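Understanding the architecture of this molecule
The lines below spell out each chain.
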Amino acid sequence: MTKKKTARAKPNPLWGGHYSQGPAAIMATINASIDIDRRLYAQDIAASKAHAAMLAAKGILSGRDAKAIANGLDKIQSEIENGAFTFTRELEDVHMNIESRLRDLIGDAAGRLHTARSRNDQVATDFRLWLRDAIDDLQFRLRDLQEALLDQAERHAATLMPGFTHLQPAQPITFGHHLMAYVEMLGRDRDRFRDCRKRVNEMPLGAAALAGTSFPIDRTMTAKALGFDRPMANSLDAVSARDFALEFLAAASTLGIHVSRLAEEIVIWCNPSFGFVKMSEAFTTGSSIMPQKRNPDAAELARAKTGRLLGAFNALSVMMKGLPLAYAKDMQEDKEQVFDAVDTLHLTLAAMAGMIRDMTPDAEAMRRALGEGFITATDLADWLVRCCDVPFRDAHHITGKIVRLAEGKTCGLADLSLAEMQSVDPRITRDVFSVLSPENAVQSRASFGGTAPALVKKAVRDARKRFL
């Protein structure tokens, strides 16, 4: 029986001095990360230029070589951005693809660029630079969604709708007040990303493989050139830490949950049983069999995308949980999760902002829904406390009896006669009817953060100053 030969790739130029044969073809495939990490090209080039400038400043690299490296890297960046650069899996990753091309352009000087660094600190630096930029971009996208919500909230600061708990009618609120809740949620999301950015913005470069370097480098100079707050204080931590990525994915997951809640409400509001909002053809789809359908698919997909964000956080957590210090190849799997999360958020936030601007609230449908569920019952209980000096627990009990009376007569609270209410508690006067309308109920909620239209308008003005 003839033994089957293992298919092999070409010898890797990185360790050709020690290895005489190329890896198995499948090993070359699983080991390569260029299909993912090529997105780091701009950050890799920027970090390499800063590293070369520092090496030259410290006399480790000649000024001539540093200049050739910088010019060569500029040319490579231009080639990549113009589509003239060829990435190859044989060179495994973005770092070696760029270094190999640099050697083609400037010769042996390219080999000196890797002095006092390793791919371990190189990739960690590139990743942090990329994520820092991604966080800054997400701030603008979140701001845009907040602005869309604020515009709708301002227009509908006095548009009445039912507020729900347990998805059951609870108390009257305004549509503007409801939307402002999401403005506040997104504001906290922005704070989380802003806070995360502080820990992202520490530089691993100069930690080398894991132990630092014997060359007299100036890590603070490189950090300053790249806009980092500081170089990381421990070389082992610098190359092996991925908590910055986990923190980002945790913040992204929380944001995704907030977006999913809003998307779910849009789906509910679009249902004809509610009919609170209408969406145009721009953000809905039809049915292949039911010609009357207008489905809120953009909202449903935004809701679904949260699963990807939660999955990314879980995948990276499981990958990192048992790794000893320092670097392990497992970490090559870190970037795909983060890249996908950022792409998902870009798409989802843009779709949500578009839907919010597109939707048309139906004030009449919301007003009709206020007639369901005895929605001013709490106002009746509060009136008993305020006007009849009844302890709230007693007022709650009295109101419950009046609600049961209205249920039996299949009418609203305001449709009961004074005599019928007084049959439950004789202290009730005609003044009680002043609190049973949804309009008066909403106007009375004038405590800070409440739903009174004047407060909602002020909240919108304040939020524009805080967030926009």
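Here, every reference points to the structure presented above.
Before going into details, it helps to say that this report is about the structure given with it. This is a predicted model, so every value here is computed, not measured.

**Description of the pairing of strand S2 (residues 168-174)**
Across six bridges, strand S1 (residues 160-165) lies against S2 in antiparallel orientation. Across the sheet, Met161 pairs through a bridge with Ile173, a residue of S2. In sequence, S1 turns back onto S2 through a hairpin of two residues, with His166 there showing a positive phi of about 55°.

**Some thoughts on the nonpolar core**
Core analysis: the largest hydrophobic core is formed by 91 residues, its most contacted members being Leu131, Leu149, Phe193, Phe248, Trp269, Val338 and Met352. Considering every element that reaches this core, the biggest residue donor is helix H10 (residues 243-270), with 15 residues. One finds Ala377, Trp383, Ile402 and Leu413 within the second-largest nonpolar core, a separate group that totals 21 residues.

**A word on the packing of helix H4 (residues 63-81) against helix H5 (residues 94-106)**
Packed helices, taken two at a time, are described by their axes: the angle between them and the distance between them. Direction vectors running N to C along H4 and H5 enclose 120°, while the axes themselves pass 9 Å from each other. Judged on the interaxial angle alone, H5 and H4 are oblique. Remark: the crossing between H4 and H5 carries right-handed chirality. Between H4 and H5, the residues in contact are Ala68, Ile69, Gly72, Leu73, Lys75, Ile76 and Glu79 and Ile98, Arg101, Leu102, Leu105 and Ile106, respectively.

**Considering the side chain of Gln332**
With respect to the helices and strands, the residue Gln332 is situated in the loop between helix H11 (297-320) and helix H12 (334-358). With a relative accessible area of 13%, Gln332 lands in the buried category.

**Considering a nonpolar patch on the surface**
A surface patch of nonpolar side chains, about 350 Å² in accessible area, is lined by Ile26, Met27 and Ile30. When you line up the elements, Ile26 lands in helix H1 (residues 25-31). When its relative accessible area of 65% is taken as the criterion, Ile26 is described as exposed.

**Regarding H10**
Taking 1.5 Å per residue as the helical rise, H10 with its 28 residues ought to reach 40 Å, and the 40 Å between its terminal C-alpha atoms agrees with that figure. Burial analysis of H10 places 20 of its 28 residues in the buried class, the great majority of the element.

**Observations regarding the packing of helix H3 (residues 41-57) against H5**
At their nearest, the axes of H3 and H5 sit 10 Å apart, and the two run at 60° to each other. By the angle between their axes, H3 is oblique relative to H5. Classified by chirality, the crossing of H5 by H3 is right-handed. Mapping the contact onto sequence places Tyr41, Asp44 and Ile45 in H3 and Val94, His95 and Ile98 in H5.

About the criteria used
Residues numbered from 1 in each chain as written. Predicted model: local features only at pLDDT ≥ 70, side-chain atom pairs only at ≥ 80, totals over all residues. Heavy atoms only, no water. Pairing = 2+ DSSP bridges. Helix = DSSP H or I, 4+ residues; strand = E, 2+ residues; numbered from the N terminus. Core = buried A, V, L, I, M, F, W, Y, C linked by side-chain atoms within 4.5 Å. Buried < 20%, exposed > 50% of the residue type's maximum accessible area, 1.4 Å probe, protein only. Axes fitted to C-alpha atoms, helices over the stretch in contact; angles between N-to-C directions. Parallel < 35°, antiparallel > 145°, perpendicular 65-115°, else oblique. Left-handed = near helix turned anticlockwise from the far one by under 90°. Contact = heavy atoms within 4.5 Å. Patch = residues over 30% accessible without salt bridge, like charges linked within 9 Å, V, L, I, M, F, W, Y side chains within 5 Å. Areas by Shrake-Rupley, 256 points an atom, 1.4 Å probe, with all protein chains shown as cover. Salt bridge = Lys/Arg side-chain N within 4 Å of Asp/Glu carboxyl O. Expected span 1.5 Å × (residues − 1).

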